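Now for the letters of each chain:
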Amino acid sequence: MTSRDQAVIHALRSDLAHQIARHVRRNAQTQSAAAKQLAIPQPTLSRIMRGQVEALSLELLLRVAVRAGLPVVLQTGKDPTEAGAYVSGITASRHERPRSLLAEEARMAVNDRDRAMTPGQRLEAQLRHSELITELHRAGSAQLTPRARSRG
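These notes cover the structure that comes with them.

## A look at unusual backbone geometry
What is expected of a backbone is that most residues other than glycine have negative phi and most peptide bonds are trans.
Alright, step 1. The backbone of A28 shows a phi angle near 50 degrees, a positive value even though the residue is not glycine.
Alright, step 2. Following the sequence through the fold, A28 ends up in the loop between α1 (3-26) and α2 (31-38).
Alright, step 3. The exposure class of A28 is exposed, given its relative accessible area of 67%.
Alright, step 4. With a phi close to 60 degrees, A39 is a non-glycine residue in the positive phi region.
Alright, step 5. Here A39 shows up in the loop between α2 and α3 (42-50).
Alright, step 6. When its relative accessible area of 55% is taken as the criterion, A39 is described as exposed.

What counts, and at which threshold
Residues numbered from 1 in each chain as written. Predicted model: local features only at pLDDT ≥ 70, side-chain atom pairs only at ≥ 80, totals over all residues. Heavy atoms only, no water. Helix = DSSP H or I, 4+ residues; strand = E, 2+ residues; numbered from the N terminus. Buried < 20%, exposed > 50% of the residue type's maximum accessible area, 1.4 Å probe, protein only.

Pasting the structure below:
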């Protein structure tokens, strides 16, 4: 396995562990109770909570995320720094907004690019963003069942 492959897998492991740890904290469970619910030993959950993922397989972390019911999205890229995992579809509470390392880095990159844009470029980017959001909204609405649509 190349060092690039190892860096991507480590980034995915770290982000998955971060998302699982947030899930456990959000549910205010003890590690013992959460480990039992996730069908893993408590020491393994403790390693996940501390981000000590070197000895844990990506497959194990994915199984734990699935058991937790987390809608996880994995991303890789041309560069290992583009790799990450984040949870989609979770509504944030008023006090805690779910964040992934990948999403936070993307926000910072957008802010940096925004500062370097001219007003015209900024307007063009905002228009494109609005178009993409509209497309996403339409795609999401098309997948809703008639019953879910009537509730939403």
